[in-house]
Amino acid sequence: MQHFTAPQLKTYLDQAGDNAPLLIDVREPWEYDIVHIQDSRLVPLDRLGSLVEDIPPDRELVMICHHGIRSRQAGMLLERQGFTRVINLTGGIDAWSRQVDPSLPCY
């Protein structure tokens, strides 16, 4: 699993174009409703197992949570399921809001 800071991920996404990774937010719906990265897909951590069947194992994934802990756990779970292209957003949406897009709320 790779670990990107918020600024690193922003640069990576800006350069990815049509090859952008799938952004998976593993927080709870109430957290996602407060703030989320545009185009991210909400899949709460306790439902992540259902996602495994829907995504090719070679698809690049970015895991997102509040501070980077749940997303790291999610990434490890996916790696055990055969996913090899997993990125964890270190510092989570909190770091994204503070370092990349200050217009987004922090909670």
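Keep in mind the model is a prediction, meaning the values are calculated, not measured.

*Asks:* Before we move on, can you summarise the sheet that holds strand E5 (residues 86-89) with the specific residues and values?
*Replies:* The sheet built from five strands is open, its strands ordered E1-E5-E4-E2-E3 with parallel pairing. One side of each edge strand has no neighbouring strand; the edge strands of this open sheet are strand E1 (2-4) and strand E3 (41-42). Where E1 lies against E5, three bridges are found, and the strand directions are parallel. Residue pairing for E5: Gln2 is matched across the bridge by Ile87. Strands in contact with helix H1 (residues 6-16) are E1, strand E2 (22-25), strand E4 (61-64) and E5; relative to E1, the strand with the most contacts, it is inclined by about 100°.

*Asks:* So what's going on with the pairing of E4? Which residues, and what values?
*Replies:* Because side chains alternate across E4, one face comprises the buried residues Leu61 and Met63, and the other comprises Val62 and Ile64, equally buried. Sheet topology places E2 next to E4; four bridges connect them, and they run parallel. Across the sheet, the residue bridging to Asp25 is Ile64, located in E4. Sheet analysis places E4 next to E5, joined by three bridges and oriented parallel. Counted as the bridge partner of Leu61 is Val86 from E5.

*Asks:* Now, about the packing of aromatic side chains: what can you tell me, with residues and values included?
*Replies:* A complete count under the given rule lists two aromatic pairs for this structure. Ring geometry for Phe4 versus Tyr12: centroids 5.2 Å apart, planes at 80°, classification edge-to-face. On the numbers, 6.0 Å between centres and 70° between planes, the contact of Trp30 with Tyr107 is edge-to-face. Here the residue Trp30 occupies a position in helix H2 (residues 29-34), and Tyr107 occupies one in the segment after helix H4 (92-99), the gap between them amounting to 77 residues. Tyr107 sits in the partly exposed class, given a relative accessible area of 30%.

The rules we used
- Residues numbered from 1 in each chain as written.
- Predicted model: local features only at pLDDT ≥ 70, side-chain atom pairs only at ≥ 80, totals over all residues.
- Heavy atoms only, no water.
- Pairing = 2+ DSSP bridges.
- Helix = DSSP H or I, 4+ residues; strand = E, 2+ residues; numbered from the N terminus.
- Contact = heavy atoms within 4.5 Å.
- Axes fitted to C-alpha atoms, helices over the stretch in contact; angles between N-to-C directions.
- Buried < 20%, exposed > 50% of the residue type's maximum accessible area, 1.4 Å probe, protein only.
- Phe/Tyr/Trp six-rings, centres within 6.5 Å; stacked < 30°, edge-to-face > 60°.

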